[in-house]
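Descriptive analysis of the structure
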Amino acid sequence: MNRRTTRHRLRVLSGYVGGVLLGAVLWQVIGTIAPHEVFDSLSDTLARLWQIILDGTLGTALWTSFQTYLVGMVFALIIGAFGGLLLARRQLLRIALEPYAIALYATPMVGIIPFLLALLGFGFWPKVVVIILFAFFPVLLNTQRGAQSISPELLDVARVYRTRERDIWRHVILPYTLPFLMTGVRQSLARGLVGMIAADFFLSSDGLGGLLITASERFDTAEMLAITLVITVIGLALMAIGRALENHFARWRVG
Amino acid sequence: MTTNTKTATRTRIARVSSTPQASTTPSRRKKITLWASAGLGILVVWQVGFTLFAPAYIATPIGAILAIPTVFADPIFFPDVASTLGAVFEGLLIAIVAGTIIGLAMGRLPDVNRVLGMYVGAFYAIPLIAIVPLFTVWFGYTPQARLAMIVLEAVLPIIYNVAEGSRIVSATYLDVTRIHRVAWWRVWTGVVLPNALPYVLAGLDLAIGRALIGAVVAEFVTAIDGLGTYILFNVHSFHQNEAVIALIVVVIFALVIRALINLAVRRGLPWYQPVKEA
């Protein structure tokens with residue numbers, strides 16, 4: 001039995017390690033065979049990555065993108081959370097606006113970017129608006145779903161004890177809704193990142209997305225791959241943060 | 001805050017109803033009136049606000065309605081619609097086939113999952129539109145770049161859902177096939193594939209929005225013919241109202257396809273339980 005589990009673990013481990021190695025070797029081999037402007041090898045990509053880290057290009061771009069992302073996400077969170085609570089607790093508003101929220105949620109937001117550009121122009125805030133548009137719907141809809149599903153028993157008990165309205169919000173509604181909100185936050189983190197790259201592409205061309213575009217105009221495949229690698233790491237890190245937040249608050253999630 | 005009190009009191013009477021709001025739900029007619037008046041309100045605010053405070057070329061509801069004949073008479077509009085939506089259809093078909101095969105392999109064969117799982121996970125986590133510049137280098141400024149983008153965007157949620165779904169094939173079914181010494185390929189076509197079908201649809205539901213984003217971004221970057229380019233070109237030449245119509249076509253397309261999928265799942269596969277979203 002013991003030997004079997006050891007062998008099994010070895011097989012699992014070799015699967016993961018093999019997967020990484022296979023990918024790395026394929027990348028290296030294809031990159032070496034293919035012309036430089038089509039695909040570049042792993043070693044060239046890492047060398048280029050090191051280069052743009054050292055000369056500060058990457059740092060500047062990261063900082064620019066990070067600022068818009070952070071501000072956009074904060075706004076998306078506030079608007080989504082308050083909007084969701086409002087829609088959940090005010091039935092008239094919900095009936096009136098929910099269909100439009102769902103239709104807008106289904107809209108490919110990139111299509112709106114040219115209009116925003118014409119209306120707001122270039123700069124920091126138009127980009128923030130793009131990120132808000134991409135990111136706030138999951139927060140809104142999840143918060144609404146959560147706040148709406150509070151069981152009447154909880155509210156009843158609070159009423160029986162003549163709890164003040166303010167305390168009902170503080171001790172019942174908000175804690176109950178928080179785990180749902182966090183599910184929305186997790187989904188928003190990824191969507192906001194898409195918005196950030198899209199804003200970098202089509203509004204003022206700076207940040208990580210701008211770096212990608214200029215690299216593609218130079219046919220600098222190594223730099224494009226290096227930036228994509230950075231974006232992948234950021235994406236995975238954000239997903240891990242989102243998961244951790246969600247799991248942390250899921251402990252007191254009811255239903 | 002009085003609504004809460006009201007809601008809570010009323011539910012005490014109608015405890016049988018499942019949600020607190022159920023007992024106070026207004027009639028269908030009242031709902032539609034509310035909904036329509038809210039829509040009208042939004043349009044009026046948009047119209048008045050933009051007429052007063054924005055330049056004349058910014059789109060307004062009345063302008064967009066007036067632009068409908070122009071758009072439909074535009075000889076390039078319908079070819080552009082066909083180009084984009086046709087590419088999305090083609091991409092979704094490729095993604096369904098590829099996604100089902102890869103997803104089934106990952107779900108049923110642990111070794112495949114270990115090797116591929118992290119790549120699928122990584123690609124699913126990143127904004128794939130970041131790959132568009134690379135695709136323009138590989139495929140040039142061509143419709144192939146757009147198709148590749150659509151397939152890449154659409155295939156990941158399908159792989160993910162099918163892999164998760166086919167992992168939970170009922171052990172009883174598999175035991176029965178083993179007892180009857182059913183050939184392996186018949187187990188796959190007869191048990192594993194039908195089991196995965198609803199998950200293909202669930203993945204497809206997530207894939208459509210992503211595919212449209214991929215298509216529009218690819219068109220924005222490459223400027224090949226299509227709805228995205230139609231939007232971009234018209235906005236840049238101060239014909240925003242026409243561009244709004246094109247955007248609405250994209251949204252309607254997305255909503256109709258998603259409604260069809262929901263209908264198919266509810267009618268054809270009522271036993272299906274969705275997997276937890278990635």
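A quick note: this is a predicted structure, and the numbers were derived from the prediction, not measured.

Section: the domain arrangement of chain B
If you check the domain split of chain B, you get domain 1 (2-54) and domain 2 (70-268). Inter-centroid distance (C-alpha atoms) of domain 1 of chain B to domain 2 of chain B is 35 Å.

Section: the domain arrangement of chain A
Residue and element names in this part refer to chain A. When its domains are assigned, chain A resolves into domain 1 (1-33) and domain 2 (38-250). Between domain 1 and domain 2, the residue contacts involve six residues of the former and eight residues of the latter. Across the domain 1-domain 2 interface, the total number found is zero salt bridges. For the side of domain 1 that touches domain 2, a count of residues per class yields three nonpolar, three polar and no charged.

Section: helix α10 (residues 227-236) of chain B
Along α10(B), seven of the 10 residues are buried, which leaves the element largely enclosed by surrounding structure. Within the span of α10(B), buried status applies to Leu227(B), Gly228(B), Thr229(B), Tyr230(B), Ile231(B), Asn234(B) and Val235(B). In this structure, the buried side of α10(B) is in contact with α5 (113-120) of chain A together with α3 (61-73), α4 (77-108), α9 (184-222) and α11 (240-268) of chain B.

Side note on the layout of surface pockets
Empty space within the second largest pocket amounts to approximately 1,700 Å³. Surrounding the second largest pocket, 45 residues form its lining, Leu104(A), Ile112(A), Ile42(B), Leu43(B) and Trp46(B) being those nearest its centre. Of all the secondary structure elements, the ones that give two or more residues to the lining of the second largest pocket are α3 (57-89), α4 (91-106), α5 and α6 (124-148) of chain A together with α2 (28-53), α3 and α11 of chain B. Residue contributions to the lining of the second largest pocket peak at nine residues, all from α2(B).

Brief notes about the side chain of Thr60(B)
Mapping Thr60(B) onto the fold places it in the loop between α2 and α3. If we ignore the near neighbours within four places in the chain, the residues touching Thr60(B) are Trp46(B), Gln47(B), Phe50(B), Thr51(B) and Asn241(B).

Comments concerning the environment of Val200(B)
Residue and element names in this part refer to chain B. Summarising the element assignment, Val-200 is placed in helix α9. With relative accessibility at 8%, the residue Val-200 sits in the buried group. Along the backbone, Val-200 and Ala-163 are 37 residues apart, and their C-alpha atoms lie at a distance of 9.6 Å. Contacts of Val-200, omitting those with residues within four sequence positions, involve Ile-96, Thr-100, Ile-158 and Val-162.

Structural notes on the packing of aromatic side chains
Under the definition given, this model contains 18 aromatic pairs over all chains. Ring geometry for Phe39(A) versus Trp138(B): centroids 5.8 Å apart, planes at 50°, classification tilted. Of this pair, Phe39(A) sits in the loop between α1 (2-33) and α2 (42-54) while Trp138(B) is found in helix α6 (residues 132-139), placing the two residues in two different chains. With a relative accessible area of 15%, Phe39(A) lands in the buried category. Taken together, the ring pairs connect Phe39(A), Phe135(B), Trp138(B) and Phe139(B) into an aromatic cluster.

Points about a nonpolar patch on the surface
A cluster of nonpolar side chains, contributed by Leu13(A), Tyr16(A), Val17(A), Val20(A), Leu21(A), Val97(B), Ile101(B), Ile102(B), Leu116(B), Met118(B), Tyr119(B) and Phe123(B), occupies part of the molecular surface with about 1,000 Å² of accessible area. Within the residue set of the nonpolar patch, elements represented by two or more residues are α1 of chain A together with α4 and α5 (110-125) of chain B. It is α1(A) that provides the largest number of residues to the nonpolar patch, a total of five residues. Considering the arrangement of structural elements, one finds Tyr16(A) in helix α1. The exposure class of Tyr16(A) is partly exposed, given its relative accessible area of 44%.

Analysis parameters
Residues numbered from 1 in each chain as written. Chains lettered and ligands numbered in written order. Predicted model: local features only at pLDDT ≥ 70, side-chain atom pairs only at ≥ 80, totals over all residues. Heavy atoms only, no water. Domains from an automatic or database assignment. Contact = heavy atoms within 4.5 Å. Salt bridge = Lys/Arg side-chain N within 4 Å of Asp/Glu carboxyl O. Nonpolar A, V, L, I, M, F, W, Y, C, P; charged D, E, K, R; others polar. Buried < 20%, exposed > 50% of the residue type's maximum accessible area, 1.4 Å probe, protein only. Helix = DSSP H or I, 4+ residues; strand = E, 2+ residues; numbered from the N terminus. 1 Å grid on protein atoms, 1.4 Å probe; cavity = no way out; pocket = protein on both sides within 12 Å on 5 of 7 lines; lining within 4 Å. Points joined across faces, edges and corners; volume = space filled by probe spheres on them. Phe/Tyr/Trp six-rings, centres within 6.5 Å; stacked < 30°, edge-to-face > 60°. Patch = residues over 30% accessible without salt bridge, like charges linked within 9 Å, V, L, I, M, F, W, Y side chains within 5 Å. Areas by Shrake-Rupley, 256 points an atom, 1.4 Å probe, with all protein chains shown as cover.

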